[in-house]
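# A look at the structure
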Amino acid sequence: MGSPRLDEQMILNDITNKVLPAPLLRVVRLIGREASNAGIDVYLVGGIVRDMLLGRKNLDLDIVVEGNALGFGHELKSVFGGTLVEHKRFGTASLFISRPGSAGRIDIAAARREKYEKPAALPAVEFAQLKDDLYRRDFTINAMAVKIEPGGLGALIDMFGGRDDLKKGFIRALHDRSFIDDPTRIFRAVRFEQRFGFKIELRTGYLIRDAASRGMVRLTEAQRIREELILICREEKPEKAVLRMRDLHELVFIHKDLSFSGTLGRMFAVSRSLVKWYGVFIKSPAGIEVWIINFLIMIDSLGVKETREVTDKFVFSNDDRNKILSFKENRDNVRRHLERDGKMLPSEVCGVLRPLSDEVILSIMARSRPGVLRERCRKYLRSYRDIKLKVTGDDLIKLGLPRGPRYREILKKALSAKLDGKLPGKADELRYLEKNVTQNTP
Ligand code: ATP
């Protein structure tokens, strides 16, 4: 796919009609009406403006208010209903609406200026005009706004040449201190560059290398870097950004021993097709965290110990950490078991795979050649794990078994027998329980 290009002939409203679905456009118009009633200026800002100009769909309504954002949030809630979540500390709010065709989220912030008192630390924030708000942003292409009028969208506000950079395909920082103030932008630059097929502009590239060589990333709160890494792993083709990070010597900020060879690109491709398969045959990929699968490829060169250092350093949530480590700890064992040729009972496959999350199973599949292991994993995900007993603990009560750990034991054995096709109907299951209860009862 080539780089997206702007169509000079389009006026903004035409673009808007193409990019914003009609119900969302109605929402925008209503926001404009409310702003006009309240006598305040409200703007659409950031990624959505960039994407409108590129003709890419973006359903995140990010608005900036020159005035009281929380108050305006309440007014929008009275129009749209939904749930308003206020972030009083930042003077921002998110309205979650669920109108037919336009379920989604509107993020409302007051225009603000940021003062970075220390490099790489979170800035002090004060309320300001739109221009200050745009100046605090990461790149020119993300620092454009469009005024929201009662009739729709007004003129494009482009104070830093964002539109020109979109046309030329440049990722350009707004000022020379940008990466010192906020080194997470180093990762953002790569992500946007690779997503759009752009180039990091020459001086911006120099500023990135300068901030990196001065150790700015290490001064940054690790959780903020983690969020950027997750965003990279959520990209459609994360390998492009990862390769670029390698060339810019950024992988060292994840772990000093991390390396990334081009052959991992193949692993990303295989895992994309597996995720697609999963979406068609198992359930929506929204049910799994695809970024974890990609992150595991990103850190493929690390062993268990180094991976633990990474999960600790970046303070992953327990859930994410467990999945990441579970892959590293179990993959060899799973492969040893499931790559074995010859017949294998479904109960044995379940015994190996049941403790693992779907992300981990897909990650193991992505690293194996087409063959028995993948086939066994596929069967497990598609059918084995959905096989349930018709009998329950109640049936054991009826058989007079005293309550205790034997309930679990017997039901587990029964499930294995069922998985292996030995108990086709409920009557067979009941007979099996009966036999086990009487056999083992003193
Ligand atoms: P995406 O398409 O990936 O969602 P986005 O541009 O909407 O991209 P977000 O991370 O949602 O990205 O941020 C929204 C906007 O906030 C950006 O467009 C940018 O203007 C601003 N922004 C986000 N992070 C930073 C940052 N670290 N420094 C400066 N501005 C930022």
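Computed from a predicted model, the values in this text were never measured in an experiment. (Residues numbered from 1 in each chain as written. Predicted model: local features only at pLDDT ≥ 70, side-chain atom pairs only at ≥ 80, totals over all residues. Heavy atoms only, no water.)

### With respect to the packing of aromatic side chains
Applying the stated criterion across every chain yields a total of ten aromatic pairs. Ring geometry for Trp291 against Phe316: centres 6.0 Å apart, planes inclined by 15°, an arrangement best described as stacked. In this pair, Trp291 is assigned in helix 14 (residues 290-298) and Phe316 in the loop between helix 15 (304-313) and helix 16 (318-338), connecting sequence segments 25 residues apart. Note on accessibility: Trp291 and Phe316 belong to one class, buried. By the ring-pair criterion, three or more aromatic residues cluster together here, those being Phe139, Phe179, Phe192, Phe196 and Phe198. (Phe/Tyr/Trp six-rings, centres within 6.5 Å; stacked < 30°, edge-to-face > 60°. Helix = DSSP H or I, 4+ residues; strand = E, 2+ residues; numbered from the N terminus. Buried < 20%, exposed > 50% of the residue type's maximum accessible area, 1.4 Å probe, protein only.)

### Remarks on the environment of Leu76
Locating Leu76 in the fold gives a position in helix 4 (residues 69-80). Distance from Leu76 to Glu34, taken between C-alpha atoms, is 7.4 Å for residues 42 residues apart in sequence. Apart from the residues lying within four places of it in its own chain, the contact partners of Leu76 are Ile31, Glu34, Ile63, Gly81, Leu95 and Ile108. (Contact = heavy atoms within 4.5 Å.)

### Considerations on the state of the cysteines
One pass over the structure, following the stated rule, counts zero disulfides. Left unpaired, Cys350 is separated from the closest cysteine sulfur, that of Cys377, by 11 Å. (Disulfide = S-S within 2.5 Å.)

### Section: the environment of Leu373
One can find Leu373 in helix 19 (residues 372-382). With 142 residues separating them in the primary sequence, Leu373 and Leu231 have C-alpha atoms 30 Å apart.

### Regarding unusual backbone geometry
With a phi angle near 55°, His249 is a residue other than glycine that sits in the positive phi range. Here His249 is to be found in the loop between helix 12 (238-247) and helix 13 (264-281). One non-glycine residue, Val315, adopts positive backbone phi at about 50°. With respect to the helices and strands, Val315 occurs in the loop between helix 15 and helix 16.

### Here's the deal with the layout of surface pockets
In this structure, the largest pocket spans a volume of roughly 1,800 Å³. Lining the largest pocket are 44 residues, and of these Asp62, Arg112, Arg136, Arg137 and Arg188 lie nearest its centre. Looking at the lining of the largest pocket, the elements that each hand over two or more residues are helix 3 (47-54), strand 2 (61-65), strand 4 (92-97), strand 5 (104-110), strand 6 (112-115), strand 7 (124-127), helix 8 (184-196) and helix 11 (222-234). Per-element tally for the lining of the largest pocket: the top contributor is helix 8, with six residues. For the lining of the largest pocket, the class distribution of residues is 15 nonpolar, nine polar and 20 charged. Two domains share the lining of the largest pocket, each providing at least three of its residues, namely domain 1 (6-168) and domain 2 (170-253). (1 Å grid on protein atoms, 1.4 Å probe; cavity = no way out; pocket = protein on both sides within 12 Å on 5 of 7 lines; lining within 4 Å. Points joined across faces, edges and corners; volume = space filled by probe spheres on them. Nonpolar A, V, L, I, M, F, W, Y, C, P; charged D, E, K, R; others polar. Domains from an automatic or database assignment.)

### As for the sheet that holds strand 9 (residues 152-157)
Spatial strand order, 3-4-5-2-1-8-9: seven strands in an open sheet with mixed pairing. Two strands in the sheet have a free side with no partner beyond their single neighbour: strand 3 (83-87) and strand 9. Between one strand and the next, the sheet's axes are offset by a mean angle of 30°, whatever the strand orientation. One ladder, built from five bridges, connects strand 2 with strand 5; its direction is parallel. (Pairing = 2+ DSSP bridges. Axes fitted to C-alpha atoms, helices over the stretch in contact; angles between N-to-C directions.)

### Here we look at the domain arrangement of the protein
Under the domain assignment used here, the protein contains domain 1 (6-168), domain 2 (170-253), domain 3 (255-384) and domain 4 (393-440). The straight-line distance from the C-alpha centre of domain 2 to that of domain 4 is 58 Å.

### Regarding the pairing of strand 8 (residues 145-149)
Inspection of the sheet shows strand 1 (residues 42-45) paired to strand 8 by three bridges, in the antiparallel sense. Bridge assignment links Tyr43 to a residue of strand 8, and that residue is Lys147. In this structure, strand 8 lies alongside strand 9, joined through four bridges in antiparallel fashion. Among the inter-strand pairings, Val146 is bridged to a residue of strand 9, identified as Leu156. Taking the residues between adjacent antiparallel strands as the criterion, strand 8 and strand 9 are bridged by two residues.

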